[in-house]
Every structure is written in structure tokens, then in C-alpha cells.
Amino acid sequence: MKKIIFIFAAFLLFFGFSSCDEDDIKEFLPSFDVNLVETEDIPVHVDKTNGDWATFTNSVALSIVKNVTKDYLNKIKNIKINKLSYKIINFSGDPSGEVDGSFWADNTISLNNAFVVKTAANNGTVYQITETAELNRIATALKNGHTINVKYSGNALCDNANMDFIVEVTLDAKITIDP
């Protein structure tokens, strides 16, 4: 009799679980977070100027499509940007060269600044977007499109020599996924 009850219970369990599909199981799975740190480089070159400010612009795509997120892009519940910043690296050229520039994210200016490029590079100065509304706007754009364009543009003065540098952009975000 015990064998019959055991076989019957095993039979019920087998058919009970075999009738569940992926959507039934997902209802019981909790949301989970993925921490993403993405770094992209925007190269900038400015030819030697002769007393007149020269314009420059360059951009790169900033994306949340990575190995840890690619299977869940349509299931993103929320994106919280912990930090969005940039710094100047790999400077070469006119040591007194200046820029008056703007950092753009998703076709909107997020931050303006002016500095001597060599000094900013040597000091490792980090320029950070801190305004909550702006970070939320960028997070929404990333959630909706998964990739945004980031750009650094402005005016430069480098009368002694050409100037080259890289604007290193870092995105640190927490992505909440609802399976």
C-alpha cells in the first residue's frame, strides 16, 4: 500500500511540475539587480590655433547592452545612475591649451566647464554630473533605448601646438531586472 501511495504522489508531482511553463515560474522569481560600470573614450584633436578659438566635437555611444544585461533588456524595471562622470586622460600638445566645453548626454547638455587641459589631465580632475533630475533623464533614456550618444564639444585655444586628449566617460549604474 505504501508503494502505491508513493508512486501516486510521485506521479502527481511529475505532472504538476511538467504543466508549469516559464511564465508560471517567473511569477515567483524576485527582481534582481545588476551593477554595471561602463567606460567609453571620446578622443579630441584640436589643430594649433593662431589666437582664435577653434571648435571641436566628438561623440561615442554609451550602452547598457552587455553580457550581464543582454538577455533582460525588455525586462528592465529601473535604472539608477550611481555616478556619471568624465576626466581628461592621455593629454599631449600645448601645455597652456584651454577648452571651454560641454558634455552632452542624449542630445542635451549635462555639464559645462572650462579648464587648462594639461592641468586637468595631470590632476586627474573628475567632472561629475550631480543633478538628480539630469541623472534620472539619462537613466530613462538608457532604459528606453539601451544606448545613448554622449558627446564632448566646445571651443579650444592652443596657440603653441596641436592638442590631443581623451575624455574618459564612466557610467556606474544599478539596473533592476524584473524576470
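Residues numbered from 1 in each chain as written. Predicted model: local features only at pLDDT ≥ 70, side-chain atom pairs only at ≥ 80, totals over all residues. Heavy atoms only, no water.

## Looking at the sheet that holds strand S2 (residues 54-63)
Sheet strands line up and pair through hydrogen bonds in the backbone, either parallel or antiparallel.
Thinking step 1. Read from one edge of the open sheet, four strands run S2-S7-S4-S5, paired in antiparallel fashion. One side of each edge strand has no neighbouring strand; the edge strands of this open sheet are S2 and strand S5 (108-116). When the angles between neighbouring strand axes are averaged without regard to direction, this sheet yields 15 degrees.
Thinking step 2. Pairing of strand S4 (residues 98-105) with strand S7 (residues 147-157) involves eight bridges; the strand directions are antiparallel. The partner of Phe103 across the bridge, within S7, is Tyr152.
Thinking step 3. Packed onto the sheet, helix H4 (residues 132-145) meets S2, S4, S5 and S7 and runs at close to 125 degrees relative to S5. (Pairing = 2+ DSSP bridges. Helix = DSSP H or I, 4+ residues; strand = E, 2+ residues; numbered from the N terminus. Axes fitted to C-alpha atoms, helices over the stretch in contact; angles between N-to-C directions. Contact = heavy atoms within 4.5 Å.)

## Quick look at the pairing of S4
Thinking step 1. Summarising the sheet, S4 and S5 pair through eight bridges and their orientation is antiparallel. Bridge pairing links Trp104 to Ile109 in S5.
Thinking step 2. The antiparallel hairpin formed by S4 and S5 contains two residues in its connecting segment, where Asp106 sits at a positive phi of about 55 degrees.

## A word on the nonpolar core
Considering soluble globular proteins, one finds that nonpolar side chains tend to be buried as a cluster.
Thinking step 1. By size, the foremost hydrophobic cluster in this structure holds 44 residues, and its most contacted members are Leu84, Val99, Phe103, Tyr152, Phe165 and Val167.
Thinking step 2. Sort the elements by how many residues they give to this core and strand S8 (residues 163-177) lands first, with eight residues. (Core = buried A, V, L, I, M, F, W, Y, C linked by side-chain atoms within 4.5 Å. Buried < 20%, exposed > 50% of the residue type's maximum accessible area, 1.4 Å probe, protein only.)

## Topic: the packing of aromatic side chains
Thinking step 1. Evaluated as defined, the whole model comprises seven aromatic pairs.
Thinking step 2. Centroid distance Phe115 to Tyr127: 5.1 Å. Interplanar angle 20 degrees. Geometry classified as stacked. Residue Phe115 is found in strand S5, and its partner Tyr127 is found in strand S6 (residues 126-129); the two are separated by 12 residues along the sequence. As far as the burial class goes, Phe115 and Tyr127 line up, both buried.
Thinking step 3. Through pairs of rings, three or more aromatic residues link up here, namely Phe56, Tyr86, Phe103, Phe115, Tyr127, Tyr152 and Phe165. (Phe/Tyr/Trp six-rings, centres within 6.5 Å; stacked < 30°, edge-to-face > 60°.)

## A look at the side chain of Asp94
Thinking step 1. Looking at where Asp94 falls in the secondary structure, it is placed in the loop between strand S3 (76-93) and S4.
Thinking step 2. Within the buried set, Asp94 has no salt-bridge partner at all; the shortest N-O distance to an opposite charge, 8.3 Å, is to Lys48. (Lys, Arg positive; Asp, Glu negative; His and termini not counted. Salt bridge = Lys/Arg side-chain N within 4 Å of Asp/Glu carboxyl O.)

## Observations concerning the sheet that holds S3
Thinking step 1. On the basis of which strands lie adjacent, the open sheet formed by four strands has the order S1-S8-S3-S6 and antiparallel pairing. In this open sheet, the two edge strands, each paired with only one partner strand, are strand S1 (32-46) and S6. Averaged over all pairs of adjacent strands, the angle between strand axes in this sheet comes to 20 degrees, irrespective of strand direction.
Thinking step 2. Two strands pair when backbone bridges link them, and S3 and S8 are joined in this way by 14 bridges, in the antiparallel orientation. Each residue of the ladder has a partner; that of Ile79, found in S8, is Ile175.

## A short note on the environment of Ser31
Thinking step 1. Among the secondary structure elements, Ser31 is positioned in the loop between helix H2 (22-26) and S1.
Thinking step 2. Here the alpha-carbon distance between Ser31 and Lys77, two residues 46 residues apart in the chain, equals 8.4 Å.
Thinking step 3. With near-sequence residues (within four places) excluded, Ser31 lies in contact with Lys77, Thr176, Ile177, Asp178 and Pro179.
Thinking step 4. At 3.4 Å, the side chain of Ser31 and the side chain of Asp178 are in polar contact. (Polar contact = N/O pair within 3.5 Å; in protein donor to acceptor, adjacent residues only side chain to side chain.)

## Considering the pattern of salt bridges
Thinking step 1. Throughout the structure, instances matching the rule amount to five salt bridges.
Thinking step 2. The salt bridge involving Lys87 is made with Glu168; its shortest N-O contact spans 3.9 Å. Of the two residues, Lys87 is situated in strand S3 and Glu168 in strand S8; the sequence distance between them amounts to 81 residues.
Thinking step 3. Ionic pairing is found between Arg137 and Asp106, a salt bridge with its closest N-O pair at 3.8 Å.

## Here we look at the confidence of the model for the protein
Thinking step 1. Averaged over every residue, the pLDDT of the protein is 89; residues scoring 70 or more account for 84%.
Thinking step 2. Mean pLDDT across the secondary structure elements of the protein bottoms out at H2, with 51, and peaks at helix H3 (residues 117-123), with 98. (pLDDT = per-residue confidence, 0-100.)

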